[in-house]
Amino acid sequence: MFDTLIHHGIILTLEPGAAPVAEGYLAITSGKIVEVGCLRPGEPLPPARDLLDAQGGLVLPGLVNTHCHAPMVWFRGWADDLPLKEWLQGRIFPAEGTWLTPERIYLGALLAGAEMLRGGITTVADGYFFEAQVRRAFGELGLRAVTAQGLVDFPAPDIPDPRDNLRVAREFLESGRAHPGGLITSALFAHAPYTCGPATLKGAKALTREFGVPLFLHLAETRQEVRDLEARTGLGPASYLESLGLLDELTVVVHGVWLSPEDLELLARRGAKVSHCPESNLKLAAGVAPVPEMRARGLTVGLGTDGAASNNNLDLFGEMSLAARLHKVWREDPTILAAREIVALATREGARVLNLGDRVGTLAPGKEADLIILDLGRPHLTPLYDPFSHLVYAARAQDVRHVMVAGRWLLRD
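A short tour of the structure in this document, coming up.

Cut-offs and rules
- Residues numbered from 1 in each chain as written.
- Predicted model: local features only at pLDDT ≥ 70, side-chain atom pairs only at ≥ 80, totals over all residues.
- Heavy atoms only, no water.
- Core = buried A, V, L, I, M, F, W, Y, C linked by side-chain atoms within 4.5 Å.
- Buried < 20%, exposed > 50% of the residue type's maximum accessible area, 1.4 Å probe, protein only.
- Contact = heavy atoms within 4.5 Å.
- Pairing = 2+ DSSP bridges.
- Helix = DSSP H or I, 4+ residues; strand = E, 2+ residues; numbered from the N terminus.
- Axes fitted to C-alpha atoms, helices over the stretch in contact; angles between N-to-C directions.
- Salt bridge = Lys/Arg side-chain N within 4 Å of Asp/Glu carboxyl O.
- 1 Å grid on protein atoms, 1.4 Å probe; cavity = no way out; pocket = protein on both sides within 12 Å on 5 of 7 lines; lining within 4 Å.
- Points joined across faces, edges and corners; volume = space filled by probe spheres on them.
- Nonpolar A, V, L, I, M, F, W, Y, C, P; charged D, E, K, R; others polar.
- Parallel < 35°, antiparallel > 145°, perpendicular 65-115°, else oblique.
- Left-handed = near helix turned anticlockwise from the far one by under 90°.

Some thoughts on the nonpolar core
Of all hydrophobic cores here, the largest spans 122 residues; its most connected members are Leu63, Trp87, Phe138, Phe216, Met294, Phe317 and Leu374. With sequence-adjacent residues up to four places away left out, Phe216 is seen in contact with Thr66, Ala125, Val146, Ala148, Ala187, Leu188, Phe189, Ala190, Val252 and Leu354. Counting 15 residues, the second-largest nonpolar core is a separate cluster that includes Ile6, Ile28, Leu371 and Ile373.

Some points on the sheet that holds strand E8 (residues 144-151)
With parallel pairing, the eight strands of this open sheet are ordered in space as E6-E7-E8-E9-E10-E11-E12-E13. Edge strands, defined here as strands with exactly one partner in the open sheet, are strand E6 (63-68) and strand E13 (300-303). If you compare each strand with its neighbour and ignore which way they point, the axes differ by 25° on average. Where strand E12 (residues 273-276) and E13 come together, four bridges link them in parallel fashion. Pairing of Val274 across the sheet is with Val301, part of E13. Strands E8 and strand E9 (184-190) of the sheet are contacted by helix H4 (residues 165-175), whose axis makes an angle of about 165° with E9.

Regarding the pattern of salt bridges
Enumeration according to the criterion identifies 26 salt bridges in this entry. Between Glu171 and Arg167 there is a salt bridge, with its nearest N and O atoms 3.0 Å apart. With Glu171 and Arg167 both in helix H4 and four residues apart, this pair spans about one turn of that helix. Glu171 gets classed as partly exposed once you look at its relative accessible area, which sits at 42%. Here Arg170 and Glu210 are joined by a salt bridge, their closest N and O atoms 2.8 Å apart. Here Arg170 is found in helix H4, whereas its partner Glu210 is found in helix H5 (residues 198-211), with 40 residues between them in sequence. What makes Arg170 partly exposed here is its relative accessible area of 32%.

Concerning unusual backbone geometry
Trans peptide bonds make up most of the peptide bonds, and negative phi angles are found at most residues other than glycine. Of note, the bond from Asn311 into Asn312 is cis; its omega dihedral lies within 30 degrees of zero at 20°. Here Asn312 is to be found in the loop between E13 and helix H11 (316-331). Here the bond from Thr382 into Pro383 is cis, since omega is 0°, no more than 30 degrees from zero. Its identity as a non-glycine residue notwithstanding, Gln55 has a phi of 55°, on the positive side.

Side note on the layout of surface pockets
Computed from the structure, the largest pocket encloses a volume of approximately 460 Å³. Contributing to the lining of the largest pocket are 19 residues, with Lys85, Thr222, Gln224, Glu225 and Asp228 lying nearest its centre. Taken together, the elements giving at least two residues each to the lining of the largest pocket come down to helix H1 (84-99) and helix H6 (223-233). By residue class, the composition of the lining of the largest pocket is nine nonpolar, three polar and seven charged.

Looking at the packing of helix H2 (residues 102-118) against helix H3 (residues 131-141)
Remark: H2 packs on H3, axes separated minimally by 8 Å, with the N-to-C direction vectors making an angle of 40°. Here H2 is positioned oblique relative to H3, judged by the angle of their axes. Note that H2 runs across H3; the crossing there is right-handed. On H3, the residues that touch Pro102, Glu103, Ile105, Tyr106, Ala109, Leu110, Gly113, Ala114, Met116 and Leu117 of H2 are Gln133, Val134, Arg136, Ala137, Phe138, Glu140 and Leu141. Across the contact of H2 with H3, the residue classes break down as 12 nonpolar, two polar and three charged.

Structure representation (structure tokens):
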């Protein structure tokens, strides 16, 4: 007897090339998927302790948010319509330095986590200050997460003396090693090459290599950032990271808007990953990341919301919709980044970005039971021809009816 059986749904496994499974069922035991199948008319249901009738809904892997600053929900709508440098250095950094406390970080992470779960995000990569409080909040919510302690080379809310950066980073990684439930990975987030010097960047990478976890950093978000880096070092963004020995398969580059073809080739050669945050990039007028070129070179790319201060929501359905449309008009090609590929970026490929592809991102026997079910019985989702197109061009976060992480219902009905 299975622990849970989900039936009467349209199942998108997101396995490469797999077709939707109509009238499908999905069986779960001990938090893992054990069977995915299709019932013939009149065939009895396999026995299970918990039966969920999906009522013709769409069953798919939980969405993976590859970049977020969860506690920044506190700044949602507070400093809008400003240039990135003024927004970040004139408004956000000063507010973070004077207003943030561990308790406010914790409460903000709870609010952000609730927003993400209600919108079908089951896995998130977060990077911020007082990240142990984010880890605590996500653990209480039951989210799967990669929580990364933020590092900058100036006084930060939780590290007043930046000379303590690497000590605090090590302590954070050590304290996260035995997180209960195995849902949360502790990692590091070195903010950017313009806020972290070579010693911090190299030290952070050495620590993440020692612990076998990802290093996240913003890179090439704006044209001016790249110009300043080249003037200071004589190197492009990827070459600069390479010169410091930072590039490998556990390096996650966030944004990458102004990466050159040479940058992309180098990142692909080293196996680095990319988090694409289209809504944030557009709102801050940073530009359009060359995602089709990244994919053509074999780079692993996932989607991220960024923080609610620069988005202003944590809605991955919105990111899917914008990413698909944005690149079509930017390249003047309606076939580019088709719906099926975009859904993969929000699930399977996002899991690979976070080094979790062997655990989540597809619905297959042996994988963790992280999944969502959308209610298709709504006017804006009727009729249904292609479920992938529906997810990208018609569905909304509010259509998510059920959310499961590791076999546990976190949202039901």
